[in-house]
Amino acid sequence: MPKLFIVEDNYDIAELLRRRLTGEGYEVEIAQDDQDLHDLLKEGNPDLVLMDLDLGEFSKDGWELNQYLKSNEATKDIPVIVLTAHGQWVEARERATQEGFVDHVRKPIDQDELMEKIRSHIREES
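Small disclaimer: the values here were computed from a predicted structure and weren't measured. (Residues numbered from 1 in each chain as written. Predicted model: local features only at pLDDT ≥ 70, side-chain atom pairs only at ≥ 80, totals over all residues. Heavy atoms only, no water.)

1. Some points on the sheet that holds strand β5 (residues 103-106)
As a reminder of what qualifies: At least two DSSP bridges between two strands are required for those strands to pair. Numbering goes from the N terminus for both helices and strands, where a helix is a DSSP run of H or I of at least four residues and a strand is a run of E of at least two. The axes used here are C-alpha line fits, helices contributing only the stretch in contact, and every angle between their N-to-C directions lies in the interval 0 to 180 degrees. Contact criterion: two residues are considered in contact whenever any of their non-hydrogen atoms come within 4.5 Å of each other.
Read across the sheet, 5 strands follow the order β2-β1-β3-β4-β5 without closing on themselves; strand pairing throughout is parallel. Each having just a single partner strand, β2 (27-31) and β5 make up the two edges of the open sheet. Between one strand axis and the next, the sheet turns through 20 degrees on average, direction left out of account. The pairing of strand β1 (residues 3-7) with strand β3 (residues 48-52) spans 4 bridges and is parallel. Pairing of Leu4 across the sheet is with Leu48, part of β3. In this fold helix α3 (residues 62-71) packs onto β1, β3 and β4 (80-84), with an angle of close to 155 degrees to the strand it touches most, β3. Most of the contacts of helix α4 (residues 89-98) go to β5, to which it runs at about 160 degrees, and overall it touches β4 and β5.

Okay, here's the thing in structure tokens:
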């Protein structure tokens, strides 16, 4: 079963995504900040990460966490999809592409679009 991490500080959004993805057959873990993500990575790498960019004032943001993942040999190849409600969507999308995110989904999230993008970036286990 493919494993996904959701890095999202809004519990309601994270839980809604977790329920949908679990229903689609994915194992899902939620990290609400950088420490949660580091703790989850100690247990093993996911097949894909859904990353919010704005994680609150007491956490590194999604940009920094993606840089951390991409600079670490053990996590550099994990595909990361941006989740953002940024007002400057076009700029965020362009920056996300430049910084190695594999895709982007705008909030409010279109569930069908998200599922399509997840499936296009995750390798199903044989």
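Now that the structure has been shown, the text picks up again.
2. Side note on the packing of aromatic side chains
Defined as follows: Ring pairs shown here join Phe, Tyr and Trp side chains whose ring centres sit within 6.5 Å, with only the six-membered ring taken for Trp; geometry is labelled stacked below 30 degrees between planes, edge-to-face above 60, and tilted in between. In this scheme, a residue with accessible area under 20% of its type's maximum is buried, one over 50% is exposed, and one in between is partly exposed, where area comes from a 1.4 Å probe on protein chains only. Lysine NZ or arginine CZ positioned within 6 Å of the ring centre and within 35 degrees of the ring normal marks a charge as sitting over the ring.
In this structure the tally under the stated criterion is 1 aromatic pair. Ring geometry for Trp63 and Phe101: centres 5.7 Å apart, planes at 85 degrees, overall edge-to-face. Of this pair, Trp63 sits in helix α3 while Phe101 sits in the loop between α4 and β5, and the two are 38 residues apart along the sequence. With respect to burial, Trp63 and Phe101 carry one shared label: buried. Positioned above the aromatic ring of Trp63, the side-chain terminus of Arg95 is 3.9 Å from the ring centre.

3. Let's talk about the pattern of salt bridges
Using the following cut-off: Just to be clear on terms, a salt bridge is a Lys or Arg side-chain nitrogen sitting within 4 Å of an Asp or Glu carboxyl oxygen.
Using the criterion set out here, one finds 12 salt bridges in the structure. With a shortest N-O distance of 3.9 Å, Lys42 and Asp39 are connected by a salt bridge. Of this pair, Lys42 and Asp39 both sit in helix α2 (residues 34-42), separated by 3 residues, roughly a single helical turn. A residue is classified by how much of its surface remains accessible, and Lys42, at 68% relative accessible area, is exposed. Relative accessible area serves as the criterion here: at 32%, Asp39 is assigned to the partly exposed category. Members of the salt-bridge network, linked through shared partners, are Arg20, Glu24, Asp112 and Arg119.

4. Considering the nonpolar core
General note: in soluble globular proteins, nonpolar side chains tend to be found buried as a group. Cut-off, in case you're wondering: The nonpolar core is taken to be a set of buried Ala, Val, Leu, Ile, Met, Phe, Trp, Tyr and Cys residues, with the residues joined through side-chain atoms within 4.5 Å.
By size, the foremost hydrophobic cluster in this structure holds 19 residues, and its most contacted members are Val7, Leu37, Val49, Met51 and Phe101. Mapped onto this core, the elements with two or more residues apiece are β1, α2, β3, α3, β4 and α4. Core analysis: the second largest hydrophobic core is formed by 17 residues, Leu21, Val28, Ile109 and Ile122 among them.

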